[in-house]
Amino acid sequence: MDVARRLGQWGRSWRPRQLLVAAMIMLILVVTAVDIMAPPDVHLEPFLVAAPAITASFAGARTTALVGGVAVAAQILVAGVRTTPLDLNHSAQIATLALMSVLATFFAHLRVKHVRQVTRLRSVAETAQRVLLRPIPRRIGPLCIASVYLAAEAEAQIGGDLYAAVRTDGGTRVIVGDVRGKGMEAVNEAALTLGAFRAVAHRQAELPALVLWLERALSSELTYPAAEAGRAEDEAEAESFVTAVVADIPDDKPVVHLVTCGHPPPLLLHDGRVTSLDMPAPAPPLGLTQFVGGAGEEPTVRTFAFGPGDTLLLYTDGVVEARDVSGVFYPLTGRLAGLPAGDPEALVDRLCADLLAYAGGCLGDDAAVLAISRSPALVPAAGRAGGGPPSAPPPPPGQAAPPS
């Protein structure tokens, strides 16, 4: 029993890479034994080069050199048993195997160097993502929040999708947006948008004023259309703008105030039902007002019921534009129906798993999801935060509240 236990511990202590190295050594031994026992006309020595070549794909230079040395020693052993290592044929095979082992060792060194560079770059990207998309606390005031960013490219960590939450004196303000385009320009413009939002979200008293401030800040910084810049390139590639939805969620009222700027409407989950919070007259995307008209006009704000136990889902178009193998778009509203609305983190986890499974594990565009629910235990009585009388009851979920 003690021997069996020790053997089990010894087996578990071996890592997959060590097992692969052992398999290469075993390959060399098997080829050597079979070659020695084979008829004189059968030569299996060329198979020995496979051992250092395969080792270079998963191990470092030292391990590859060791396996190559064992292979060369096995080649010399076979030559000595059959004839002599000084035979012209065997000498050529030994020299060739030694050269191939040296080349495999060199490529193993390059591979390890490249892996280290990629690891450092990934670390830098992760750090940049934490700076750009700062983690949103799970609880802000009376709100429970869960967020996720899904990159379309496997090695990408950041992109043009963005989200942020800022605490104000009487509530929480949230933005979810999507920068048109990809690459570093989209990252730069996402950083500009988030920086502007974080700088003034807690200063502007009214939501329309906040959106107008963002529009002015972005219009002066984002890339202008090619026709305005006088470029000869494709106008569609030079134009930049940001679609966004900005939400203001007061602490003392079970409502949410929304402004959408060319962005997909948020969804409200209430008692197993999913309602789209559509805006009759959404504002243009941020950065385009001066080109489409309406510069200086305050955007329309709509107020919807958002009570305890409800969940507000904000997302980017990478979610609804994901396709399955037949090219059908992801039916977000239908997939959310019946999901529990009280746990944002569980909702986001299930939604992301379902989205990736639907798209076959590969999204066509970056996607960001933000789920917000109001905790019943932390919601003050509506209209009583300042000691005044209770306000009128909120409208049914998904319907706009009457103007106050």
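Structure first, text after, so check above.
It should be emphasised that the depicted structure is a prediction, and the values quoted were computed from it without experimental measurement.

What counts and what doesn't
Residues numbered from 1 in each chain as written. Predicted model: local features only at pLDDT ≥ 70, side-chain atom pairs only at ≥ 80, totals over all residues. Heavy atoms only, no water. Pairing = 2+ DSSP bridges. Helix = DSSP H or I, 4+ residues; strand = E, 2+ residues; numbered from the N terminus. Axes fitted to C-alpha atoms, helices over the stretch in contact; angles between N-to-C directions. Expected span 1.5 Å × (residues − 1). Buried < 20%, exposed > 50% of the residue type's maximum accessible area, 1.4 Å probe, protein only. Arc of directions from axis to C-beta.

Bringing the sheet that holds strand β9 (residues 302-305) into the picture now. Backbone-to-backbone hydrogen bonds pair the strands of a sheet. The strands run either parallel or antiparallel. Spatial strand order, β3-β4-β5-β6-β9: 5 strands in an open sheet with antiparallel pairing. Single-partner strands in this sheet number two, and they are β3 (161-167) and β9. Looking at each pair of strands side by side, their axes are set apart by 20° on average, direction ignored. For strand β6 (residues 255-261) and β9, the ladder comprises 4 bridges, and the chain directions are antiparallel. Across the sheet, residue Val256 finds its bridge partner in β9, namely Phe304.

Turning our attention to unusual backbone geometry. In this structure, Asp271 is a non-glycine residue whose phi angle is positive, near 55°. With respect to the secondary-structure elements, Asp271 resides in the loop between β7 (267-270) and β8 (273-276).

The next point concerns helix α4 (residues 61-82). Taking 1.5 Å as the rise per residue, α4 with 22 residues should run 32 Å; its terminal C-alpha atoms sit 31 Å apart, in good agreement. For α4, the full list of buried residues reads Thr64, Val67, Gly68, Ala71, Val72, Ala74, Gln75, Val78 and Ala79. Viewed end-on, α4 has its buried residues packed into an arc of 160°, placing them on one side of the element. Structural note: α4 exposes Arg62 and Leu66 on the side pointing more than 90 degrees away from its buried face.

Let us now look at the pairing of β7. Residues Leu267 and Leu269 of β7 are buried on one face, and the alternating residues Leu268 and His270, pointing to the opposite face, are buried as well. Sheet topology note: the β7/β8 ladder contains 4 bridges and is antiparallel. Residue His270 lies in a different strand from β8, and its bridge partner there is Arg273. Connecting β7 to the next strand, β8, in antiparallel fashion are 2 residues, including Asp271 with a positive phi near 55°. Two elements, β7 and strand β10 (residues 311-315), share 3 bridges in a ladder whose sense is antiparallel. By the bridge assignment, Leu269 is partnered in β10 with Thr311.

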